[in-house]
Amino acid sequence: MPAKRSPNKYVYRSIVFTGLAARAIFSVPVIPSGLENLPMDEEIRGLDRKVVPGKGAVVAITHFGYLDFAFAELLVWRKLKVHMRFLVTKKAARKSFVKAVCDWCEHVIVDRADGAAAYTESVEKLRGGDYLAVLPEAGVSRSFTVRELKTGAVRMAAEAGVPIIPVSVWGGHRMMTRGHGLSFKSVWKNPVRVHVGEMIRLDGDVDVAQETLRLQEELQAGIDHCIDTYPVAAEPGAWWMPRSRGGSAMALEEQRVLDAADREKYKITG
């Protein structure tokens, strides 16, 4: 196994700039709301946020498409110059380039069959002042509604003594998601709505199940707000709309069956 590469903020920054350039080239409107819910007391010098122990946060992001994380990252970076640390699956990190990016950008590699080591590393980063990006649905939602969350986001935030920032992303799944690949047509001028919900503050003695449900409801409320204010009207039966909104996305019952099958695969792939 190659030696771990040293962190390099310029690699992270170059990835962010590449994302900003791609957004401009493809004329993708990113429409934010709830920016007032982001922390207002960060110390920013030029393109750098000062990382201060005790000033970290869990950024919980919805997961309907494969690019949702990127729009959340670009928004938070533009406002706070935060280099968010992401949880990257062991399966993805088997690719040498992905592993290198994880090292340079200080992301956390998580084995979905045994996440104890990644959990410990994540809490340490949060206590050190990092922002940790978490996709608490633990996989793409095929129904385009926020599905039942894993408890890790709440448990890490409570143990580290940091808030959770809910970020709902709508429209990114129209570019690329399960069964719908990336293409020029799917990206070109495709609007993306990003809503930042109110911060959820926890203490060390929390009802994890109750707070996880609260986070799920907050993320779904953000999605509902994004749909209500999305600038593209969906035709009846649109594949990218949930059934509760007249679309033809997968039914919740079918999604639960497939999610259970996915969890069995994760025990092997990591």
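See above for the structure.
### A word on the packing of aromatic side chains
In the structure shown here, the tally under the stated rule is 9 aromatic pairs. Taking 6.1 Å as the distance between ring centres and 90° as the angle between the ring planes, the aromatic pair formed by Phe64 and Trp170 counts as edge-to-face. You can see Phe64 sitting in the loop between β4 (57–61) and α2 (68–80) and its partner Trp170 sitting in strand β8 (residues 164–170), a full 106 residues away along the chain. Look at Phe69 and Phe86: their rings are 5.6 Å apart centre to centre, the planes differ by 80°, and that puts the pair in the edge-to-face class.

### Notes on the pattern of salt bridges
Counted by the stated rule, this structure contains 17 salt bridges. The salt bridge partner of Glu42 is Arg49, with a shortest N-O separation of 2.9 Å. You'll find Glu42 and Arg49 in the same group, each marked buried. A salt bridge links Arg85 to Glu106; the nearest nitrogen and oxygen atoms lie 3.3 Å apart. In this pair, Arg85 is assigned in strand β5 (residues 85–89) and Glu106 in the loop between α4 (96–105) and β6 (108–110), connecting sequence segments 21 residues apart. The class for Arg85 is buried, based on a relative accessible area of 8%.

### With respect to helix α6 (residues 152–160)
Of all 9 residues in α6, 7 are buried; the element is thus mostly enclosed. What α6 keeps buried is the set Gly152, Ala153, Val154, Met156, Ala157, Ala158 and Ala160. The inward-facing, buried residues of α6 contact β4, α5 (116–127), β7 (131–134), β8 and α8 (208–228). A positive backbone phi angle near 70° is found at Gly161, which sits one or two residues after α6.

### Some remarks on α8
An ideal rise of 1.5 Å per residue puts 30 Å on 21 residues; α8 measures up with 30 Å between its terminal C-alpha atoms. Burial in α8 covers these residues: Glu211, Thr212, Leu215, Gln216, Leu219, Gln220, Gly222, Ile223, Cys226 and Ile227. Looking at the buried residues of α8, the elements they touch are β4, α6, β8 and β9 (192–196). The opening residue of α8, the one whose side-chain oxygen lies 3.3 Å from the backbone nitrogen of Ala209, is Asp207.

Rules used in this analysis
- Residues numbered from 1 in each chain as written.
- Predicted model: local features only at pLDDT ≥ 70, side-chain atom pairs only at ≥ 80, totals over all residues.
- Heavy atoms only, no water.
- Phe/Tyr/Trp six-rings, centres within 6.5 Å; stacked < 30°, edge-to-face > 60°.
- Helix = DSSP H or I, 4+ residues; strand = E, 2+ residues; numbered from the N terminus.
- Salt bridge = Lys/Arg side-chain N within 4 Å of Asp/Glu carboxyl O.
- Buried < 20%, exposed > 50% of the residue type's maximum accessible area, 1.4 Å probe, protein only.
- Contact = heavy atoms within 4.5 Å.
- Expected span 1.5 Å × (residues − 1).
- Polar contact = N/O pair within 3.5 Å; in protein donor to acceptor, adjacent residues only side chain to side chain.

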